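# Examining the three-dimensional arrangement
Listed here are the chains, written in short residue letters.
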Amino acid sequence: MVIDQISAGIYAAVDAVFAPLAAFPTYVSIIFIALSLTAVILVLNRLLIKQNIVKGIKVKMEEIKENLNKAQKEGNKEIVDNLMGEMLKTNNEYMRHTLKALVVSTLVALLIFPWVSQKYQGLAVATLPFSMPLVGTVLDGIGWYILVSLTLGWVLNKLFGAH
């Protein structure tokens, strides 16, 4: 009962924010929604992830990987074992720095996605020039949202140099 009230409140808030987009064609509305959500998630990632630390960790992992490949070619098992342990520690450090942003981004997406699903599921939005497994040739609102979100996320990450 409390969960239903919370869900209804979230739905009403999201509906109030995105309701003006109903004036546009469905595919345009979904592009704006996907762009908004992607931008919010990108900003959250920028705020929550210390980019210089993550970049340093990635450099360290590349160094470890190079040394690991060299040690494997030389057949030095002791160094390989040490480097594997170091790689695991470095990877855990990377996960620690990025997990908070992942959780927050997921929560934001979970707030918006049910609304998008209810509003646009089953509406034919785009016809593909080819057939995709499980989708066919017609994308409904959810399929279009996923396609647009992935594309916009990739483009915005490339444009703004996110890690």
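Residues numbered from 1 in each chain as written. Predicted model: local features only at pLDDT ≥ 70, side-chain atom pairs only at ≥ 80, totals over all residues. Heavy atoms only, no water.

Each helix and strand counted, the protein chain has 5 helices and 2 strands in total. Counting from the amino terminus, the protein chain carries its helices and strands in the arrangement α-α-α-α-β-β-α. Computed over the C-alpha atoms, the radius of gyration of the protein chain is 21 Å, more than 25% above the 15 Å expected from 2.2 N^0.38 for a compact globule of 163 residues. In terms of overall dimensions, the protein chain has a C-alpha envelope of 65 × 45 × 35 Å along the principal axes. Each of the 163 residues in the protein chain was classed as buried or not, and the buried ones make up 29%. Put simply, 65% of the contacts in the protein chain that link residues at least 6 apart link residues at least 24 apart. Surface accessibility of the protein chain: about 10,900 Å² in total, with carbon and sulfur atoms responsible for 66%. Within the protein chain, one finds 14 positive and 11 negative side-chain charges whose respective centroids are separated by 5 Å. (Helix = DSSP H or I, 4+ residues; strand = E, 2+ residues; numbered from the N terminus. Rg over C-alpha atoms; globule rule 2.2 N^0.38 Å. Buried < 20%, exposed > 50% of the residue type's maximum accessible area, 1.4 Å probe, protein only. Contact = heavy atoms within 4.5 Å. Areas by Shrake-Rupley, 256 points an atom, 1.4 Å probe, with all protein chains shown as cover. Lys, Arg positive; Asp, Glu negative; His and termini not counted. Charge placed at Lys NZ, Arg CZ, Asp CG, Glu CD.)

Summed over the entire model, instances satisfying the criterion amount to 4 aromatic pairs. Between Trp 115 and Tyr 120, the aromatic rings sit 6.1 Å apart at their centres with planes inclined by 80°, giving edge-to-face as the arrangement. Residue Trp 115 is classed as buried on the basis of its relative accessible area of 3%. Judged by relative accessible area, which is 9%, Tyr 120 ranks as buried. Clustering of aromatic rings is evident, with ring pairs tying together Phe 18, Trp 115 and Tyr 120. (Phe/Tyr/Trp six-rings, centres within 6.5 Å; stacked < 30°, edge-to-face > 60°.)

Here we take up the pairing of strand β2 (residues 136–140). Sheet analysis places strand β1 (residues 124–132) next to β2, joined by 4 bridges and oriented antiparallel. Each bridged residue has a counterpart across the sheet, and for Met 132 the counterpart in β2 is Gly 136. Here β1 folds back onto β2, and the loop between the two strands holds 3 residues, one of which, Leu 134, carries a positive phi near 70°. (Pairing = 2+ DSSP bridges.)

The subject of this paragraph is the nonpolar core. If you look at the biggest cluster of nonpolar residues, it comprises 22 residues, and the most contacted ones within it are Phe 18, Ile 33, Ile 112, Trp 115, Val 116, Trp 144 and Tyr 145. Looking at this core, the elements that each hand over two or more residues are α1 (2–18), α2 (26–48), α4 (77–120), β1 and α5 (141–160). Sort the elements by how many residues they give to this core and α2 lands first, with 6 residues. Membership of the second largest hydrophobic core comes to 12 residues, among which are Leu 68, Met 87, Tyr 94 and Ala 101. (Core = buried A, V, L, I, M, F, W, Y, C linked by side-chain atoms within 4.5 Å.)

What follows is about the environment of Trp 115. Here Trp 115 shows up in helix α4. A C-alpha to C-alpha distance of 12 Å links Trp 115 and Leu 37, two positions 78 residues apart in sequence.

Moving on: the pattern of salt bridges. What the rule picks out here adds up to 3 salt bridges. For Glu 62, the salt bridge is made with Lys 65, and the minimal N-O distance between the two is 3.7 Å. Within this pair, Glu 62 and its partner Lys 65 are both found in helix α3 (residues 51–74), separated by 3 residues, close to a single helical turn. Lys 77 is the partner of Asp 81 in a salt bridge, and the nearest nitrogen-oxygen pair spans 3.5 Å. Of the two residues, Asp 81 and Lys 77 are both situated in helix α4; the distance of 4 residues between them amounts to about one turn of the helix. Its relative accessible area of 43% is what places Asp 81 among the partly exposed residues. (Salt bridge = Lys/Arg side-chain N within 4 Å of Asp/Glu carboxyl O.)

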